[in-house]
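Spelled out, the chains give:
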Amino acid sequence: MKRTTKLLRLTISVIITLSLTLTGCGKKAIATSDTIQWFNNTYAILTVLNQCDYRIYSGNRPNAASKLIAKALLENSWGVTDQASAEETLQWLLDEGHRVSMAEELSYLEEMGLADVDADQRADAILSVFDLDAQQAEDYAAWFSLYEQYGQDAAAAWDYSRAMWLLSYYYLAEYYTEEESLEQSLTLAKSIQSTFDSWDSFMESYFAGYEYWSEESSDERREVYETLKSSSDNPFVLDWNTPLEKTW
């Protein structure tokens, strides 16, 4: 699900060039409200990495070019080519994603007694039993702390962030109507809001899930988050407990 090809990058580059002539040819952008911005914030890091606008739903204005880009990204990165595959992929994220396998591994560490080990000694304890390097042991120790707090939802933000992003891109690709994407986003957003208590706690879960999935550092994504928070147009100034309601 993380396939990226030179052909895809070239295709997207060509489409972006075409968008200079196509911009404005399409639907009107969804008006941003506090609720819509809350949606946008859940996947703002990916929006920035994709060089899009986190102040707009999906990060893109709906037109012929953004539709082509969305369809290319969904097919090449997710295997989504129509409404049926869109729904199947979304359901996988909502039901399982990567949080389930990660929680299973952390549950095994719990069964082995890791919860009884002081937090600052857990990485060493993991190293003494498993064939991991020091960084991997540190990662598992950090994830275990999240597991103690959130249980099965330790990495849920990673799955839910991508689900929110997919819903917005299903709208761009016209696999879902505007109403379908926004209604499902609202339902999921309320679930996210009740699971975590702040943008920081949501993002820590997101970073943990990213690290688990990619087997890479989340430093780049953390830097994006900190940069956004320190910017004059910080989207995360929006209160986590903002009432989420239908505004469209």
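Counting restarts for each chain: residues are numbered from 1 in the order of the written sequence. Whole-chain, interface and lining totals are the exception, using all residues; otherwise, since this is a predicted model, local features are given only for residues with pLDDT of at least 70 and side-chain atom pairs are given and counted only at 80 or more. The basis for every side-chain value is the complete set of non-hydrogen atoms in the structure, without hydrogens or water.

(A) Spatial organisation of the side chain of histidine 98. Turning to its location among the elements, histidine 98 is positioned in the loop between helix H5 (83-95) and helix H6 (99-111). Take histidine 98: its relative accessible area is 16%, and that puts it in the buried class. Should any heavy atoms of two residues lie within 4.5 Å, those residues are counted as being in contact. For histidine 98, the residues in contact, after removing those within four places along its chain, are Trp92, Trp158, Asp159, Arg162, Tyr212 and Trp213. Strands here mean DSSP runs of E at least two residues long; helices mean DSSP runs of H or I at least four residues long; both are numbered from the N terminus. Only protein chains enter the calculation, and the probe is 1.4 Å; a residue is then buried if its accessible area is under 20% of its type maximum, exposed if over 50%, and partly exposed in between.

(B) Highlighting a nonpolar patch on the surface. A patch consists of residues whose relative accessible area exceeds 30% and which take part in no salt bridge; residues with like charges are grouped when within 9 Å of each other, and nonpolar side chains (Val, Leu, Ile, Met, Phe, Trp, Tyr) when within 5 Å. All accessibility values rest on the Shrake-Rupley procedure with a 1.4 Å probe; residue burial counts only the protein chains present in the view. Salt bridge criterion: a side-chain nitrogen from Lys or Arg within 4 Å of a carboxyl oxygen from Asp or Glu. A contiguous nonpolar surface patch, about 300 Å² in accessible area, is contributed by Tyr108, Met112 and Val129. Structurally, the position occupied by methionine 112 is in the loop between H6 and helix H7 (122-129). In this structure methionine 112 comes out as partly exposed when scored by relative accessible area, which is 42%.

(C) Quick look at the nonpolar core. Counting residues in each nonpolar core, the largest one holds 72 residues, and the members touching the most others are Tyr57, Leu74, Tyr170 and Ile192. Per-element tally for this core: the top contributor is helix H9 (residues 156-173), with 14 residues. When neighbours within four sequence positions are excluded, isoleucine 192 is seen to be in contact with Trp38, Tyr160, Met164, Phe202 and Trp240. To form a nonpolar core, buried Ala, Val, Leu, Ile, Met, Phe, Trp, Tyr and Cys residues must be joined to one another through side-chain atoms within 4.5 Å.

(D) Spatial organisation of the environment of alanine 86. You can see alanine 86 is positioned in helix H5. On the accessibility criterion, alanine 86 (0% relative accessible area) is buried. With sequence-adjacent residues up to four places away left out, alanine 86 is seen in contact with Val80, Tyr170 and Tyr175.

(E) Structural detail: the packing of helix H8 (residues 134-150) against helix H11 (residues 199-214). As a packed pair, H8 and H11 sit with axes 11 Å apart at the nearest point and diverge in direction by 135°. In this view, H8 runs oblique relative to H11, as classed from their interaxial angle. The handedness of the crossing between H8 and H11 comes out as left-handed. Mapping the contact onto sequence places Asp139, Tyr140, Trp143, Leu146 and Tyr150 in H8 and Ser201, Glu204, Ser205, Ala208, Glu211 and Tyr212 in H11. Convention adopted: a line fitted to C-alpha atoms gives each axis, helices being fitted over their contacting stretch, and angles between N-to-C directions are expressed from 0 to 180 degrees. If an angle is under 35 degrees, it is roughly parallel; if it is over 145, roughly antiparallel; if it lies from 65 to 115, roughly perpendicular; otherwise it is oblique. Note: crossing handedness is left-handed where the near helix turns anticlockwise from the far helix by less than a right angle, and right-handed where it turns clockwise.

(F) Spatial organisation of H6. Under the 1.5 Å per step criterion, the end-to-end length of H6 is 18 Å for 13 residues, consistent within 8% with the ideal 18 Å. Looking at the residues trailing H6, positive phi occurs at glycine 113, about 95°. Helix span, as expected, comes to 1.5 Å for every residue beyond the first.

(G) Quick look at the environment of threonine 227. Take threonine 227: it is sitting in helix H12 (residues 219-230). We classify threonine 227 as partly exposed; its relative accessible area is 46%. Pairing of N or O atoms within 3.5 Å defines a polar contact, subject to two protein rules: one partner must be a possible hydrogen donor and the other a possible acceptor, and residues neighboring in sequence count only if both atoms are side-chain atoms. At 2.8 Å, the side chain of threonine 227 and the backbone oxygen of glutamate 223 are in polar contact.

(H) Representation of the packing of aromatic side chains within the structure. A pair of aromatic rings is counted whenever rings of Phe, Tyr or Trp (Trp by its six-membered ring) have centres within 6.5 Å, and the orientation is called stacked for planes under 30 degrees apart, edge-to-face for over 60 and tilted otherwise. On inspection of all chains with the given rule, the structure shows 23 aromatic pairs. Ring geometry for tyrosine 210 and tryptophan 213: centres 6.0 Å apart, planes at 55°, overall tilted. Taken together, the residues span about one helical turn, with tyrosine 210 and tryptophan 213 both in helix H11 at a distance of three residues. A relative accessible area of 9% places tyrosine 210 in the buried class.

(I) Representation of the confidence of the model for the protein chain. Confidence of the predictor in every single residue is expressed as pLDDT, which spans 0 to 100. Looking at the protein chain as a whole, its pLDDT mean stands at 92, while 90% of the residues score no less than 70. Contacts of residues 1-12 to residues separated by more than four positions or lying in other chains number 14 contacts, the stretch itself having pLDDT below 50. Per-residue pLDDT stays below 50 along residues 19-24; that stretch engages in six contacts with residues further than four places along the chain or on separate chains.

(J) Geometry of the packing of H5 against H9. For the pair H5 and H9, interaxial distance at closest approach is 9 Å and the crossing angle is 160°. Considered as vectors, H5 and H9 are oriented roughly antiparallel to each other. Regarding H5 and H9, the two cross each other, and that crossing is left-handed. Touching Ala86, Thr89, Leu90, Trp92, Leu93 and Leu94 of H5 are Asp159, Arg162, Ala163, Leu166, Leu167 and Tyr170, all from H9. As a working rule, the residues Ala, Val, Leu, Ile, Met, Phe, Trp, Tyr, Cys and Pro are called nonpolar, Asp, Glu, Lys and Arg charged, and the rest polar, with Gly in that last group. The residue makeup of the contact of H5 with H9, split by class, is nine nonpolar, one polar and two charged.

(K) Broad picture of a negative patch on the surface. Together, Asp95, Glu96, Glu104 and Glu105 make up a region of like negative charge exposed at the surface. Relative to the elements of secondary structure, glutamate 104 occurs in helix H6. As used throughout, the charge tally considers Lys and Arg to be positive and Asp and Glu to be negative, leaving His and the chain termini uncounted. For this purpose, a charge sits on NZ of Lys, CZ of Arg, CG of Asp or CD of Glu.

(L) Layout of the layout of surface pockets. Lining residues are those with an atom within 4 Å of a point, where the points come from a 1 Å grid over the protein atoms alone and group into cavities, where a 1.4 Å probe fits but cannot get out, or pockets, open sets with protein on both sides within 12 Å along at least five of seven lines. Grid points are joined across faces, edges and corners, and a volume is the space filled by probe spheres set on the points. Here the second largest pocket defines a volume of roughly 430 Å³. Lining the second largest pocket are 20 residues, with Gln135, Gln136, Asp139, Trp143 and Glu211 sitting closest to its centre. For the lining of the second largest pocket, the secondary-structure elements that each account for two or more residues are H8 and H11. Here the lining of the second largest pocket gets eight residues from one element, more than from any other, and that element is H8. Residues belonging to the lining of the second largest pocket are distributed by class as follows: eight nonpolar, four polar and eight charged.

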